[in-house]
Every structure is written in structure tokens, then in C-alpha cells.
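For reference, the chains in residue letters:
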Amino acid sequence: MAFEGLSEKLSAAFKKLRAKGKLKEADIKEAMREVRMALLEADVNYKVVKDFVESVSEKAVGDKVLESLTPAQQVIKIVNEELTNLMGAENSRINFSSKIPTVIMLCGLQGSGKTTHAAKLAAYFKKQGKRPLLVACDIYRPAAIDQLKVVGSKVNVPVFEMGQINPVEIAKKSVLHAKDYGHDIVILDTAGRLHIDDELMNELKTIKSQVLPNEILLVVDAMIGQDSVNVAKSFDDALGIDGVILTKLDGDTRGGAALSVKAVTGKPIKFVGMGEKVEDGIEPFYPDRMASRILGMGDVLSLIEKAQAEFDEKEAVKMANKLKESSFDLNDLLDQMKQIKKMGSLSQIVSMLPGVAGKISDEDTAQGEIQIKRTEAIIYSMTPQERAKPSIINPSRKRRIAAGSGTKVEDVNRLLKQFEQMQKLMKQFSGKKKRRFGFGGMPNLPM
């Protein structure tokens with residue numbers, strides 16, 4: 001996960017502060033040295049680090065902090081506020097046009113995930129009740145148009161294309177098409193290059209002057225670290241971008257781009273992509289929530305929003321009633337596991353949990369993912385009757401289920417025992433007002 005190394009180092013620095021109780025100016029200076037090193041190792045821009053540490057130090061050595069009953073907490077609060085300000089202070093939204101359609105032009109280098117994130121962005125707007133249209137303006141890269149059609153079909157959004165003619169003409173015609181067919185958002189997937197050149201910039205400038213997009217968003221790969229900030233500055237100087245979509249933020253990246261891009265370019269990060277597949281989705285970027293994640297405080301608001309977006313309200317009520325009546329079976333457990341998987345990977349969910357973020361390793365979450373897949377395989381190997389009434393599963397059935405799921409009989413026994421324990425817990429709490437249910441009426445699973 002992004003920021004994992006940074007979070008660990010910051011947590012270690014603040015742990016030392018907490019252990020000291022009353023702080024001296026020398027203690028804060030020592031902590032700030034560790035913060036500086038942690039930020040530099042995370043590939044944050046040097047000038048950004050220098051200004052950040054100076055600002056935190058200036059506020060942290062005041063009498064209000066040093067004489068506080070909880071000085072370490074006050075320092076962490078200051079760091080949290082400064083991190084938030086560094087990344088833009090508040091969520092930057094898309095500037096929608098008063099007249100339809102709103103035109104969003106995506107630009108960026110090849111390999112940044114521009115085409116995939118065009119589809120992700122379209123899916124995001126579609127969930128909000130919009131009618132987006134994807135436009136294939138990349139006529140140079142082999143199969144670029146076909147790729148956009150494939151990802152467009154995955155999110156059920158139409159693609160406008162006119163083959164390999166002038167991309168400026170394609171962009172202009174797409175806006176007219178959107179007006180005729182009632183599309184309120186047009187997303188232009190423009191051509192990228194392996195490096196920034198005059199030909200690329202001139203084409204983008206011409207599209208901008210002819211189509212007058214409401215938003216120009218630069219798609220940047222967070223995996224390239226500090227270079228992504230340099231790319232953003234080059235595009236902004238030449239084209240004038242309105243914001244950034246940072247991709248692959250869930251990968252093995254140090255996170256420096258997210259912390260540097262606003263300070264260096266003055267342009268906000270508007271969205272972040274959390275995976276390379278279309279189904280991994282895209283999220284609005286909230287600087288305050290990201291700062292909380294970096295400091296190991298979790299991100300409950302984003303977790304709740306994910307749950308609300310993915311869980312069907314009627315199904316949640318139906319499931320809650322089943323739990324109340326103690327009629328929850330393995331079919332229901334399987335359905336709930338599918339719902340949770342829609343929220344993202346286990347590592348993404350864990351990173352949003354307060355008190356847990358930063359304390360569970362990638363190896364642990366990887367093992368958790370394996371366990372979930374194993375559980376699914378076991379349940380899928382059961383007959384509908386066995387899922388509805390696990391008590392009928394005898395030794396011969398267990399051997400058949402284990403063979404069908406590629407697991408051992410011990411794994412089947414373990415799942416059945418855990419499910420039985422869960423049912424006993426549900427019976428205990430079914431008559432009480434306070435029930436230990438998780439998202440969408442789902443109980444806290446023993447596995």
C-alpha cells in the first residue's frame with residue numbers, strides 16, 4: 001500500500017514523543033528530523049519537505065503545545081493539519097458546465113492508465129445518475145480505440161469513435177453527438193506519448209482551443225514517484241491543467257507524488273485510482289482523509305461511503321431480518337462476502353480502519369485474501385441444500401466438498417465450526433437491542 005513506509009516511520013517518531021510525557025524544544029527538533037527523513041525517503045519534493053518541517057516546527061515549539069497536558073497529541077494534530085494543507089486543504093470537485101454537455105479532457109503520458117481511468121471516471125459519474133460518453137481521440141497507439149471500447153462495455157458506457165481521422169475533428173463531432181443523444185458528460189481520451197514533445201502538446205492545445213473543455217485532467221502514474229510531479233508541471237506550463245488523477249496509489253509507491261503535486265504545481269489532485277482494473281474503481285481525493293490514513297488514524301468516512309455505495313439497502317434490511325430470526329445460512333454468508341469484495345481489496349479496507357491501519361502487514365492481508373478465496377471455494381462446492389442446512393454435511397460430504405474446492409477436510413471442518421459459533425452468537429444477541437452487526441447487517445465474522 002502507498003504510504004506504508006511513511007506511516008511506519010511517522011508512527012515511530014510520534015511514539016517516542018508520547019513516551020516522553022512533557023516535551024522540550026529539543027525533543028520536537030529530534031522528532032522533526034525524523035519526519036524530514038521519512039518524507040524525503042517517501043520521495044516528497046525537497047523544497048516541499050523543507051517548508052513543511054519549518055511550518056510544523058514553528059507551531060509545535062510554542063508555549064501552547066509545550067505546556068499542554070498532551071503535548072505529543074498536539075504535535076500530531078499540527079502535523080495532521082499541515083499534511084492536509086499540503087495536499088490542498090479540501091476536496092476539489094469537477095466544474096460542471098451550466099449547459100450540457102460538460103467536456104472533460106484527459107491527457108497524460110503512455111502507460112499512466114489514461115484509457116482505463118477514462119472508463120473508471122465514466123462509471124463514477126454514471127453512479128451519480130449522469131449519462132457519460134467516452135470519446136476515442138487516441139488515433140496513434142495500436143488498438144487504443146478497441147481498448148476504450150472494451151473498458152467502455154465493462155462499465156456499460158457508449159464510446160464515440162470515427163476511426164483514425166484528425167482527433168480534433170473527432171472531439172468536435174463528439175460534443176455535437178452528445179447534445180443530440182442527451183449525454184451530459186463527454187470524456188475525451190486523448191493520445192499520450194512516451195515522453196513530452198511539441199507534437200503532443202500542439203495537438204492537445206488545438207483540441208483545447210476548438211472544444212473548450214470545462215476540465216483538463218492530467219492522468220499521472222504514482223508509481224514513477226517524483227517524476228510524476230515533473231510531468232504534471234510540464235503539462236500545466238504548456239496546457240494549463242485543472243487537476244490531476246493519480247493512478248496506482250494502492251501499489252508499492254512511496255506516496256511522494258500525492259504530497260508534492262499540489263505544492264509544486266498549484267493544481268489539486270481530484271481523483272485517485274486504486275487499481276489497474278476498471279472494476280477497481282476511482283475515488284474523489286480528500287486531503288484530510290488521506291492525511292489521517294498517513295498518520296495511521298484510518299478513514300472511516302470513505303469506508304462508510306464505500307459501504308453505502310456498494311450495499312443494497314433492501315438487501316441489507318432483508319439480511320438484518322434474517323439475522324434477527326436466526327435464519328442466516330451459508331448462502332447469505334456468500335452473498336455478504338461478495339458485497340464486501342465490491343468495496344475493494346482487504347488491504348484497502350484495512351487501511352481505512354482506525355487503530356488498524358499501518359499495524360497489519362501486506363503479508364497478513366495477502367493471507368486474509370487467500371482465506372477468503374478458500375472460504376468461497378468451499379461454499380461453492382456445496383449443494384444448495386448443504387448451504388441452507390450445514391448440519392446435514394456428514395464425513396462423506398465433507399470429503400466431496402474438500403475435493404471439489406481443492407482444500408482439505410480440516411478446512412471444511414474449520415469453516416463449519418466457525419459458522420456454528422457465529423450462529424450461536426447471533427442467537428445470543430437476537431433478543432437484544434445492541435447487536436454486533438457489521439456493514440449491511442453482516443455480523444462480525446469469526447474468520
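Provided above is the structure to which this section pertains.
Basis of the calculations
- Residues numbered from 1 in each chain as written.
- Predicted model: local features only at pLDDT ≥ 70, side-chain atom pairs only at ≥ 80, totals over all residues.
- Heavy atoms only, no water.
- Pairing = 2+ DSSP bridges.
- Helix = DSSP H or I, 4+ residues; strand = E, 2+ residues; numbered from the N terminus.
- Salt bridge = Lys/Arg side-chain N within 4 Å of Asp/Glu carboxyl O.
- Buried < 20%, exposed > 50% of the residue type's maximum accessible area, 1.4 Å probe, protein only.
- Phe/Tyr/Trp six-rings, centres within 6.5 Å; stacked < 30°, edge-to-face > 60°.

Draft legend 1. Structural view of the sheet that holds strand S2 (residues 132–136). Read across the sheet, eight strands follow the order S3-S2-S4-S1-S5-S6-S7-S8 without closing on themselves; strand pairing throughout is mixed. Every other strand in the sheet has two partners, leaving strand S3 (159–160) and strand S8 (282–284) as the edge strands with one partner each. Two strands pair when backbone bridges link them, and strand S1 (residues 102–107) and strand S5 (residues 215–221) are joined in this way by four bridges, in the parallel orientation. Note that in S5 the partner of Met 105 across the bridge is Ile 216.

Draft legend 2. Molecular detail of the pattern of salt bridges. On inspection of all chains with the given rule, the structure shows 18 salt bridges. A salt bridge links Arg 33 to Glu 30, with the shortest nitrogen-to-oxygen separation between them at 2.6 Å. Here the residue Arg 33 and the residue Glu 30 both occupy positions in helix H2 (residues 25–41), the gap between them amounting to three residues, near one helical turn. Residue class for Glu 30 comes out partly exposed when judged on its relative accessible area of 36%.

Draft legend 3. Highlighting the packing of aromatic side chains. All told, the structure shown has three aromatic pairs when counted by the stated rule. Geometrically, the ring pair formed by Phe 96 and Phe 125 is edge-to-face, given 5.8 Å between the ring centres and 75° between the ring planes. A residue pair is termed long-range when its members are at least 10 positions apart, and Phe 96 in the loop between helix H5 (71–86) and S1 and Phe 125 in helix H6 (residues 114–127) qualify at 29 residues. Taking relative accessible area as the criterion, Phe 96 reaches 39% and is therefore assigned partly exposed. With a relative accessible area of 1%, Phe 125 lands in the buried category. Between the aromatic rings of Tyr 124 and Phe 271, the centroid separation amounts to 5.3 Å while the plane-to-plane angle is 75°, which identifies the pairing as edge-to-face.

Draft legend 4. Broad picture of unusual backbone geometry. Look at the link from Ile 100 to Pro 101: it is a cis peptide, with omega at 0°. Unusually for a residue other than glycine, Asp 43 sits at a positive phi of about 70°. Tracing the backbone through its elements, the reader meets Asp 43 in the loop between H2 and helix H3 (46–60). Judged by its relative accessible area of 18%, Asp 43 is buried. Phi is positive for Ala 143, close to 65°, though the residue is something other than glycine.

Remember that the coordinates give geometry; whether it matters functionally is a separate question.
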